Amino acid sequence: MIKKLMLMAVGLLLVSGLLTACKGPGTSDDHAEGHVGSDQENTAVISPTHDDEHEEGSADHKSGSHGDNSHAGHDSHSDMHSAAGDNYKVDFSFNGPVRAAENAELTLEVTDSEGNPVQDFDISHEKLMHLIVVNEDLSFFEHIHPDYEENGRFTVTTEFPYGGRYKLFADFVPKGQGGMTVSDWMEADGEVAELQPLMADESLIAEVDGKEVELTLSNTLSNEEAILTFDIRDAATKQGIQDLEPYLGAIGHVVILSEDTEHYLHVHPLDGQDTGPKAEFVTSFPESGVYKIWGQFQHNGEVFTVSFAVEVQ
Ligand SMILES: [Cu+2]
C-alpha cells in the first residue's frame, strides 16, 4: 500500500513535470471545454493530451487485455502512461469549426517523447491506426481507420451526429513498441442531444441488424480475468450464426470504456472459434463501476455493432 502511494506520488510529480513542459492551448484545465475552432484560425487544436495513454505490452496487463489499468484521476490530465519514455502524444485537429452532422476532416499527428513525428507504425488488427469516437454519455460510438499520410500524420473525414462533447481515442503501435491509446475531448457545434446517465443493462440480450446477441461475463469482479462470450443468433429463427466473417483479422472486435471514459480497455479475442456462433474475449476491469462494451462482428459482408452496459464490482 505504501509502495503504491509512493508510486502514485512519483506519478503525480511526473505528471506535473509533463504539464509544465506542455505547450499550446491544451495545457490548462480548460482544454476539455475547448471549443473547437472558436478562435483559432483554421486549425482547431484540441490537444495536447496524455489522457489514458498506456503501454499495451507492459507486464501489469493480464492475459491479452490491453486495457488502461491506470488509476486515472479526475477528468483532466490523468496522465497515466505506464513507463517513462513511452510518452507518445497525438494532436487532434480539424480543418475548421466542427458542426454537427457535417463532414469534418480530422488530422492526427503522432509524436514521440522528444516531440519528433513517429515515422513507422506496426499494423495492429490489420490497421496502422484505430480511432474510436464516443460522446459524453457513451450513447454514440464510432470506430474508424484514419489513413496514414506521412510524418506521423493520419487523416480521416467523419461526422458528429449532434452538438456536444466527444472523446477521441487514437489506438496505434509505434514500430517495435507496445500499443498506445491516446485520447482527448473535442466539441462539436450544434444542437446538443439530451444526455442519459449510463445504467447497467438489466438484460444482456440485444437485437441489432437482424441478429440477437447475448453477452455472458465469466465474472464481474474488478481486477480479475473476465471472459466475455457473445452468442450471436439470427433474430428471427434464434439459430446460432455459424458463418461470421473475420473482422479486423479476428472473429470480432471489442472495445470497453468505463463510464467516466477514463479507462479504455482494448480487448482481444480468445483463439479457437473463428466463425461463431460464440465469440469469446478476455479482459480485466480495472475498478468497480459501470462499463460500456461494444462488440463488432461481420456477417454477409456487413459489420454490425452491439453494445451493453455492465456493472463491475
Ligand atoms: Cu480499428
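That block above? That's the structure.
From a predicted model like this one, the values you see are computed outputs, not experimental measurements.

S.K.: Please clarify how the coordination of the copper ion should be interpreted in this entry.
M.R.: Six octahedral donors around a metal ideally sit at 90 or 180 degrees from one another, while four tetrahedral donors ideally sit at 109.5 degrees. Bound to the copper ion are the protein donor atoms His-130 (ND1), His-143 (NE2) and His-145 (NE2), situated 1.7 to 2.0 Å from the metal. As a motif over one chain, the donors of the copper ion read H-x12-H-x1-H.

S.K.: Please clarify how the pattern of salt bridges should be interpreted in this entry.
M.R.: Proximity of charged atoms lets side chains of opposite charge pair with each other. For the structure on display, the rule yields eight salt bridges. With a closest N to O distance of 3.0 Å, Arg-165 and Glu-136 form a salt bridge. Here Arg-165, found in strand β9 (residues 164-174), pairs with Glu-136, found in the loop between β5 (129-135) and β6 (141-144); they are 29 residues apart in sequence, far enough to count as distant. Measuring nitrogen to oxygen at the nearest pair gives 3.1 Å for the salt bridge that ties Asp-231 to Lys-278. With a gap of 47 residues between them, Asp-231 in strand β13 (residues 225-234) and Lys-278 in strand β16 (residues 278-284) connect regions that are remote in the sequence. You can call Lys-278 partly exposed: its relative accessible area is 41%. Connected through salt bridges with shared partners, the residues Glu-212, Glu-214, Asp-231, Arg-233, Lys-238 and Lys-278 form a single ionic network.

S.K.: Mind showing me how you'd approach the side chain of Asp-231 here?
M.R.: Classification of Asp-231 by relative accessible area gives buried; the value is 17%. Within the structure, the side chain of Asp-231 is placed 3.1 Å from the side chain of Lys-278, a separation counted as a polar contact. Here Asp-231 is in contact with Glu-212, Val-213, Glu-214, Pro-277 and Lys-278, once residues within four sequence places are set aside.

S.K.: Which parts of the structure should I look at to understand the sheet that holds strand β12 (residues 211-217)?
M.R.: Within a sheet, each strand pairs with its neighbour through backbone hydrogen bonds, oriented either parallel or antiparallel. Taken in spatial order, the eight strands line up as β11-β12-β13-β16-β15-β14-β17-β18 in an open sheet, and their pairing is antiparallel. In this open sheet, the two strands that pair with only one neighbour each are β11 (205-208) and β18 (302-312). Neighbour to neighbour, the strand axes of the sheet diverge by 25° on average, direction disregarded. Bridge count between β13 and β16: seven bridges; the pairing is antiparallel. When the bridges of β16 are listed, Glu-225 appears paired with Ser-284.

S.K.: Please clarify how the packing of aromatic side chains should be interpreted in this entry.
M.R.: Pairs of aromatic rings are described using the distance from one ring centre to the other and the angle between the two planes. For the coordinates displayed, the defined rule picks out 16 aromatic pairs. Arranged with centres 4.6 Å apart and planes meeting at 15°, the rings of Phe-141 and Trp-294 form a pair that is stacked. Residue Phe-141 is found in strand β6, and its partner Trp-294 is found in strand β17 (residues 289-299); the two are separated by 153 residues along the sequence. For the pair shown, Phe-141 and Trp-294 are each scored as buried.

S.K.: I keep staring at unusual backbone geometry and nothing clicks. Help me out?
M.R.: Looking along the chain, the bond that leaves Gly-276 and enters Pro-277 is cis, with omega of 5°. Its location among the elements puts Pro-277 in the loop between β15 (264-269) and β16. A positive phi angle, near 65°, is found at Leu-138, a position not held by glycine. Here Leu-138 is to be found in the loop between β5 and β6. Located in the positive-phi region is Lys-238, a residue other than glycine, with phi close to 65°. Taking relative accessible area as the criterion, Lys-238 reaches 44% and is therefore assigned partly exposed.

S.K.: Looking at this model, I keep getting lost on the environment of Phe-160. Mind explaining?
M.R.: The topology assignment puts Phe-160 in the loop between β8 (153-159) and β9. Residue Phe-160 is classed as buried on the basis of its relative accessible area, which comes to 0%. Each C-alpha atom, one on Phe-160 and one on Val-134, is 9.5 Å from the other, the two residues being 26 residues apart in sequence. Discounting residues that sit within four places of it in the chain, Phe-160 has contacts with Phe-94, Val-98, Arg-99, Ala-100, Ala-101, Ala-104, Val-133, Tyr-166, Leu-168, Met-186 and Ala-188.

Rules used in this analysis
Residues numbered from 1 in each chain as written. Predicted model: local features only at pLDDT ≥ 70, side-chain atom pairs only at ≥ 80, totals over all residues. Heavy atoms only, no water. Donors = N, O, S within 2.8 Å, 3.2 Å for Na, K, Ca; no water. Salt bridge = Lys/Arg side-chain N within 4 Å of Asp/Glu carboxyl O. Helix = DSSP H or I, 4+ residues; strand = E, 2+ residues; numbered from the N terminus. Buried < 20%, exposed > 50% of the residue type's maximum accessible area, 1.4 Å probe, protein only. Polar contact = N/O pair within 3.5 Å; in protein donor to acceptor, adjacent residues only side chain to side chain. Contact = heavy atoms within 4.5 Å. Pairing = 2+ DSSP bridges. Axes fitted to C-alpha atoms, helices over the stretch in contact; angles between N-to-C directions. Phe/Tyr/Trp six-rings, centres within 6.5 Å; stacked < 30°, edge-to-face > 60°.

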